[in-house]
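What follows is each chain in one-letter form.
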Amino acid sequence: MTEIDKEEAEQHIVGLLHAMHIISRPGMEDTPKRVVKMLEEVWQGEQYSNADIAEMYGKVFPCDTNDMVVVKDIEAFSYCEHHLALIYNMKISVAYLPEGHVIGLSKIARIVDMCCKRLQLQERIGHDIVDVMTRIVGPNVAVRIEANHSCMTARGIKKPSSKTVTYTTSGAFEQDTEFNRFQAALQ
């Protein structure tokens, strides 16, 4: 993991505020420090590869069933790499078909969070989650993401009720039968 140069980052925040003609006023003295601390937290996933995340959360348990496992509506947020705008009201559902072992349910939510804690595209979030999960549980993984993008809802076109929905699948979920079972499980 690369150490973040907090002092340099704080100076860039000061420079940005200055360039935008935002004058420091009471209450803003520590704003650069607070912004850097916040960004360090919400972009924590930038410090890890998908392989690192799989290693961190890859503990599995033996299981003799091949029934589909679905963790539905995991709440998350991310930041768009194009505008640094918030991707919010995100609900992520992850499904997989066990192959002799299962992963702890909380680990799936942790994988989702870490993949979202990057400057992202919604489409890449789905691919990252599938990549991490397939490294842990095998090739049969599906992810559905529904989210609002503030670059669509709060700026530009300003369509506040617009949502983006993406599906990312691998293995058996690329076949209609398993994909339809996944769809039904989300109802």
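In the block above lies the structure referred to throughout.
Residues numbered from 1 in each chain as written. Predicted model: local features only at pLDDT ≥ 70, side-chain atom pairs only at ≥ 80, totals over all residues. Heavy atoms only, no water.

**As for the nonpolar core**
Operational definition: The criterion is simple. A nonpolar core is a set of buried Ala, Val, Leu, Ile, Met, Phe, Trp, Tyr and Cys residues joined through side-chain atoms within 4.5 Å. Partly exposed describes any residue whose relative accessible area lies between the buried limit of under 20% and the exposed limit of over 50%, with all areas from a 1.4 Å probe on protein chains only and scaled to the type maximum. Secondary structure is summarised from DSSP: a helix means a run of H or I of at least four residues, a strand means a run of E of at least two, and numbering begins at the N terminus for each. Only heavy atoms matter for contacts: two residues are in contact if any of them lie within 4.5 Å across the pair.
With 35 residues, the main nonpolar core has Met-90, Ile-92, Val-94, Tyr-96, Ile-111, Ile-129 and Met-133 as its most contacted residues. Those elements that provide at least two residues to this core are helix 3 (50-56), strand 2 (69-80), strand 3 (86-96), strand 4 (101-103), helix 4 (105-116), helix 5 (122-137) and strand 6 (141-149). The dominant element in this core, judged by the number of residues it contributes, is helix 5, at seven residues. If sequence neighbours within four positions are ignored, Met-133 has contacts with Val-94, Tyr-96, Ile-103, Ile-108, Ile-111, Gly-138 and Val-141.

**So, the packing of helix 1 (residues 6-19) against helix 2 (residues 31-42)**
This is how it is decided: Axis geometry follows a simple rule: fit a line to the C-alpha atoms, using only the stretch in contact for helices, then measure angles between N-to-C directions, giving values from 0 to 180 degrees. Any angle that falls under 35 degrees is termed roughly parallel, while one over 145 is termed roughly antiparallel, one within 65 to 115 roughly perpendicular, and all others oblique. If you view the pair so one helix is near and one far, a crossing is left-handed when the near helix is turned anticlockwise from the far one by less than a right angle, and right-handed when it is turned clockwise. Gly is placed with the polar residues, together with every amino acid not listed as nonpolar (Ala, Val, Leu, Ile, Met, Phe, Trp, Tyr, Cys and Pro) or charged (Asp, Glu, Lys and Arg).
One way to put it is that helix 1 packs onto helix 2 with a least axis distance of 9 Å and a crossing angle of 120 degrees. Our classification of the angle between helix 1 and helix 2 gives oblique. Of the two possible hands of crossing, helix 1 and helix 2 adopt the one that is right-handed. From helix 1, Lys-6, Ala-9, Glu-10, Ile-13, Val-14 and Leu-17 reach across to helix 2, where they touch Thr-31, Pro-32, Lys-33, Val-35, Val-36 and Glu-40. Broken down by class, the residue content of the contact of helix 1 with helix 2 amounts to seven nonpolar, one polar and four charged.

**A short note on the side chain of Thr-166**
Definition in use: Residues adjacent in sequence count toward polar contacts only when both atoms are side-chain atoms; beyond that, a polar contact is any pair of N or O atoms within 3.5 Å, and within protein one must be able to donate a hydrogen and the other to accept it.
Within the secondary structure, Thr-166 sits in strand 7 (residues 164-169). A polar atom in the side chain of Thr-166 sits 3.3 Å from the side chain of Gln-122. If sequence neighbours within four positions are ignored, Thr-166 has contacts with Gln-122, Glu-123, Val-143, Arg-144 and Ile-145.

**Concerning the sheet that holds strand 6**
Our working rule: Note on pairing: DSSP must find at least two bridges between two strands before they are called paired.
Pairing within the open sheet is mixed, and its five strands lie in the order 5-2-3-6-7. A single partner strand is all that each edge strand has here, and the edge strands are strand 5 (119-120) and strand 7. In this sheet, strand 5 lies alongside strand 2 in parallel orientation, the contact comprising two bridges. Each bridged residue has a counterpart across the sheet, and for Cys-80 the counterpart in strand 5 is Gln-120. Across the sheet, helix 7 (residues 176-185) is in contact with strand 2, strand 3, strand 6 and strand 7; its angle to strand 7 comes to roughly 135 degrees.

**What about the pairing of strand 3?**
Relative to strand 3, strand 2 runs antiparallel, the two sharing eight bridges. Within the sheet, the bridge partner assigned to Glu-75 lies in strand 3 and is Lys-91. Remark: five residues form the turn of the hairpin made by strand 2 and strand 3, two consecutive strands paired antiparallel; Leu-84 in that turn has positive phi of roughly 60 degrees. As paired elements, strand 3 and strand 6 share eight bridges and run antiparallel to each other. Of the residues in strand 6, the one forming a bridge with Ile-87 is His-149.

**Notes on unusual backbone geometry**
Of note in this structure, Asn-89 is not a glycine but carries a positive phi near 50 degrees. Its identity is not glycine, yet Lys-158 carries a phi of approximately 50 degrees, on the positive side. Within the secondary structure layout, Lys-158 lies in the loop between helix 6 (150-153) and strand 7.

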